[in-house]
Each structure stands twice: as C-alpha cells, then as structure tokens.
Amino acid sequence: MWRSALITVLSASFSSLLPIVDRTATNAAAWLWLAPENGFKHYLKTQFTDRTFEGLYHWNWFDLSLLIPYFLVMIVLSIYGMHRYTMCYQYFKYKKNYNPNPVSHFDDLPTVTIQLPMFNEQFVIERLVEAVCAMEYPREKLEIQVLDDSTDESAEVAEDIVARYKALGHPIVYLHRTDRTGFKAGALDEGLKVSKGEFVAIFDADFVPPPDWLMKVIHHFAEPDVGMVQTRWTHLNRDYSMLTQIEAILLDAHFVIEHGSRVRTGEFFNFNGTAGMWRRQAIYDGGGWQHDTLTEDTDLSYRSQMAGWRFKYLPDVECPSELPIEMTAFKTQQARWAKGLIQVSIKLLPTIFKSGISRRRKIESIYHLTANLSYPLMIVMTALLVPAMICRFYMGWFQMLLIDVPLFTASTLSIAVFYVMSQRVLFPKSWMKSLLYLPFIMALGIGLTVTNSKAVMEAIFGVQSAFIRTPKFAVNKKGEKSKAAKYRKRLKLAPWIELLLGCYFMLAIIYTFMNENYFTAPFLILFVIGYWYTGLMSLLQGRFERWRSGTPAPDESNPRPYPVGV
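Read on for an overview of the structure. From a predicted model like this one, the values you see are computed outputs, not experimental measurements.

This next bit is on the side chain of Ser 355. Tracing the sequence through the fold places Ser 355 in the loop between helix H11 (327-354) and helix H12 (359-370). Among residues more than four places away in sequence, those in contact with Ser 355 are Met 306 and Lys 362.

Attention shifts here to the sheet that holds strand S4 (residues 199-202). Overall, mixed pairing links the 7 strands, which are arranged S3-S2-S1-S4-S6-S5-S7 in an open sheet. Only two strands of the sheet have a single neighbouring strand rather than two, namely strand S3 (172-176) and strand S7 (310-321). Across this sheet, the average inter-strand angle for adjacent strands is 20°, counted without regard to direction. The sheet contact formed by strand S5 (residues 226-235) and S7 spans 9 bridges and is parallel. Pairing of Met 228 across the sheet is with Phe 311, part of S7.

Turning to the pattern of salt bridges, a few remarks are in order. In the structure shown here, the tally under the stated rule is 22 salt bridges. Between Glu 267 and Arg 360 there is a salt bridge, with the nearest N and O atoms lying 2.8 Å from each other. With Glu 267 in the loop between helix H8 (242-264) and strand S6 (276-279) and Arg 360 in helix H12, this residue pair connects regions lying 93 residues apart in the sequence. Owing to a relative accessible area of 43%, Arg 360 belongs among the partly exposed residues under this scheme. Because the salt bridges share partners, they merge into one network encompassing Glu 223, Asp 225, Arg 310 and Lys 312.

What follows concerns the environment of Trp 289. Structurally, Trp 289 can be placed in the loop between helix H9 (280-285) and helix H10 (296-306). Sequence-wise, Trp 289 and Gly 182 are 107 residues apart; in three dimensions their C-alpha atoms are separated by 9.1 Å.

Right, let's talk about H8 for a bit. Given 3.6 residues per helical turn, the α-helix brings residues three or four places apart onto the same face. Over its 23 residues, H8 runs 32 Å from end to end, which matches the ideal 33 Å to within 8%, given 1.5 Å per residue. Counting buried positions along H8 yields 20 of 23 residues, so the element is predominantly enclosed. In the stretch just after H8, Gly 266 is the one whose phi turns positive, near 80°.

Looking now at a nonpolar patch on the surface. A cluster of nonpolar side chains, contributed by Ile 346, Met 457, Ile 460, Phe 461 and Val 463, occupies part of the molecular surface with about 450 Å² of accessible area. Within the fold, Phe 461 resides in the loop between helix H17 (449-460) and helix H18 (494-514). The exposed category is assigned to Phe 461, whose relative accessible area is 63%.

Rules and cut-offs
As a convention, each chain's residues are numbered from 1 in the sequence order in which they are written. Whole-chain, interface and lining totals are the exception, using all residues; otherwise, since this is a predicted model, local features are given only for residues with pLDDT of at least 70 and side-chain atom pairs are given and counted only at 80 or more. In computing side-chain values, all of the structure's heavy atoms are included and hydrogens and water are not. Going along the chain from the N terminus, every DSSP run of H or I of four or more residues is numbered as a helix, and every run of E of two or more is numbered as a strand. The contact rule is simple, with two residues in contact once any of their heavy atoms fall within 4.5 Å. Strand pairing is assigned whenever DSSP identifies at least 2 bridges connecting the two strands. Note on method: axes are straight lines fitted to C-alpha atoms, helices fitted across the in-contact stretch only, with angles between N-to-C directions ranging 0 to 180 degrees. In what follows, salt bridge is the name for a side-chain nitrogen of Lys or Arg lying within 4 Å of a carboxyl oxygen of Asp or Glu. Only protein chains enter the accessibility calculation, which uses a 1.4 Å probe. A residue is then buried if its area is under 20% of the maximum for its type, exposed if over 50%, and partly exposed in between. The span one expects for a helix is its residue count, reduced by one, times 1.5 Å. For patch building, the residue pool is restricted to those with more than 30% relative accessible area and no salt bridge; the joining distance is 9 Å between like charges and 5 Å between nonpolar side chains (Val, Leu, Ile, Met, Phe, Trp, Tyr). The method behind every accessible area is Shrake-Rupley, applied with a 1.4 Å probe, and residues are considered shielded solely by the protein chains displayed.

Here is the structure:
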C-alpha cells in the first residue's frame, strides 16, 4: 500500500516538473543552435564534458611502437632536466662554501707566462696584445707568448705587432708554426716547452683581460694544491643583437650555476680554454696537452684533477670577450664543444669509473660529459612528436596532462629555471627582463639540434675532424659592420634541413587547430621558430648588408691586412 502511495506522489511531482524541463530544454536547444559549432566554448564542451566516445579507444601495437621510444626519450631528457634543478638547488644551498679572497699571498711574486694562441685573427690581434701588455705585473716576472698558427696575412700582422710592443720594452715573443699539428693544444704544448713561467695564463684572441687580472688570480696559487684557477667570462658585445643576448644568457648559466654548483659541492669542473691560469706542474701531472679531442681544455682538466690537483673558480673576477655575431659562427662553436665533450666522455669515463674518486664525483662526471647526448635524443623526439601527438589525441585530455605535465616540468621547465637563476644572480635588479628571452632561448636550443646531433654522432662513431675556430669580427656595438667577411663560413645542407623541419612543424600546428587541440600549439611554435630562425640566419647572414646597401658582394678571397699600430 505504501508503495502505491509513493508511486502516486512521484508521478505527480514529475508531472509538475515536465513543463519546466520542457521549457529549459527548448531554451538550451535554441542557445546551442545559436552557438558556433567550432568555437572555443564548443572546444571546452567536447574536451572536458563530452563523454560520448569515452572508452572506445584501445591501444594497438602501432601506437606502442611510436609511444614507447617517445616516452623513453622524454624520460632520459627529464633525468638531465632534474639534474639542472639539482645544480640550482646546490648553488644556493652551499653558497657559504665560496671564498673570493686568497687564503694567503706570495711574498715574492712567481714568474708567469701568458700564452695567446691564435689562428688567422688579424682583426683582433692588436686589441688582445695591447690589453695583455697593459696588465699590472712586474715585467721581469712576466713572459708573453704569441702562439700563431696563421696561414694568411694574419701572420704578418701579428709579427709586426709583436715587434712593435717588444721595441717598447714588453717581454713578448712571437712563435709561428708552419703546420697546425694538434691545433690549439699543439700550439700550447709547443709554447710550454720553451716557456719560463711556473704559472701559465691563457687567453684566446677574442678576449680582453683587464689590467688587474693577474694580480687577482696569482695569489690563489699560494695554496700548494691548487692546480688551475678559472675566471668568469663577460661579453663586450652582449647588446649587439638578439643572438648575442641569447648567447650571453647561455654562457651566464654555465659560468654561474654550473661552475658555481660544482665548485661549491667539491665536484670536478673544467678549465674553459681561456681566461684561466694553470700551474705548470698540474699540466705535466695530468699528462700534458693532448689533441685527440676537440675540447683539450676539458680533457686536461679531468686528467689533472684525477691526479690530485684542486681547481678554483673565481666568478667575481671577470674577463671580457667577444661573442659570435653570426649564426653560422655560433653553430660551429657549439658543434665543436658538443663533439669535444662526447669525445672526452668516451676517452675518460672508463678511467673515471675505475679510479678511486667518490661515487658522487663519478655520477656528476657522467652528467657533465654526456649532457650533449640530449641533442640526438631531441632529433628522435622531433621525429616522433607529431605521430605521438596524433596517437595520443584520442586518449583524452586528462590522460595526456597526467603524463605530459611531469615530463614537461622535468625536461623543459628546468631549462627556464636554469637560465633565469643565473640572471637573477648576476642582475638582481633587472633579471626579470631575461624572461622575455626565454622562449627564444628554448627555440634556439631546438634549432641547434641538427648541427649538434651531427657533431655528437661523429664523436660516437670516431669520425675525426679539424679544429674549426670561431671567427672573430671585432664588432662590439650595435650597428657596426664586420670587416672579416673573409672568415665567414657557410653551412651547406644543415640550414635547408632546419627549414624543412620548421615547415613540418608548421603543418603540425595547422593539424592541431583543425582538431581543436589548442594546448599543443604553443609547444610546437617553439620548434617552428627555432628551426626557421637558425636555418634562415645561417643562409642569409652576411647578405643583409649587401641587400640594404644595394652593393655587389665583395671579393672575399684576399682582403688586405687590417691596419694596425701601437
């Protein structure tokens, strides 16, 4: 009886609600009829509330063959990304471990040899020699070696400059080799054989050391176990262009966070090839300069530290340098460094594993020396990104975010944190401006994957190549034109590959919009910008000036020596 009464009550209630429900449905239908079918509201509805096709998608072997390697690559990149977070954390945690002042001082200053290795540097030779000869140090305790391997007019220019400064009483000598055996490492080794100094400072041709640099560095060697002291690079032409701004931020992160973290935690770190000083005995104990890798500086650094020598880093001691102003020069430099570090890892990691150093140092050495493996991994990710995106489009937004957000945070966001932290340390009042460059920094890193991956694979397969120097143009201020057209290099195939990759990702962006997958588009835009920027700048850099002026291309085969004088 109570059941029939309940049914009667419910029937009456539903009957009274039917007109309301009917009117609501009619209004909703009218509203939906007026709403755009492909609008953003429609996208939100289909992505977040529509469950019509939920559960219809099933894994298959084709999808797995794409997604498994894609996620494996992302996991490896995430591991390197987590290491960047770790370095940022350690830098600030152990900030008290840095003492900028020498523990003691020499009562009698030791003899110092300054080595200036160069190759076809006619446009920057005088600037360097002038700066070195102006350094504050007793002349009777100083020796300056110009180690010149030039094969063009630069040899005559350098010899003339050295003769003029020597006539003024400076302790400078000119040493010229007729071959390039060992490249820079060979030149340094030849100079070391005839040098007199107990300590050896090294400056590349594009550096301009300040007058007090030697006096700020030398007393740190009063500690008998210190084998090398590295100082921080700054940049003469930081504000020349967007490219130089990005390059400066990239190097700042290396010299602030990377070096700072390793030094403060007692890990091995490397001499950067210039703007540093060595104890001669530390070079000998490490096995001397060797030229079987393109980064002889990192190679000797690890061998010397494994021999027991301690390295110091002085971020407060600055040494200005010139950044590459052309994309091809920058890519050549980055490829040389990428290949060289992988060569060092292949050469030294087996020895490091067998050595008696701590497990922590061994792990850090792996991260340091193998970091450039991320470039070929990025190529794999580039190839799989769009197919993986298409496969995962039918999984649902929540499943995609559940996987992608942690991987993105570990691999990609860590890059942003890494570079922003360095700017915050160096420019505490204006570091927020660096946020504007972050998308372009990430895009440029993507654009470098083609040339750097090629360099890494050459190192892995033992392909030998010459030491390709980074051309210096002696351009510091915005608007200045380079006089060194002779040294401009062209990359033949790589820029076209980069442009094609940019087009590929542009088509992928169009596909995402057609399928209303808007969240993926910003990430893909970075790939388009990166590949098109590096490709177009590699092809067109150097031609802009001719187009603007309307003048024909100059004869770059045999330019006259740049005028020099004291």
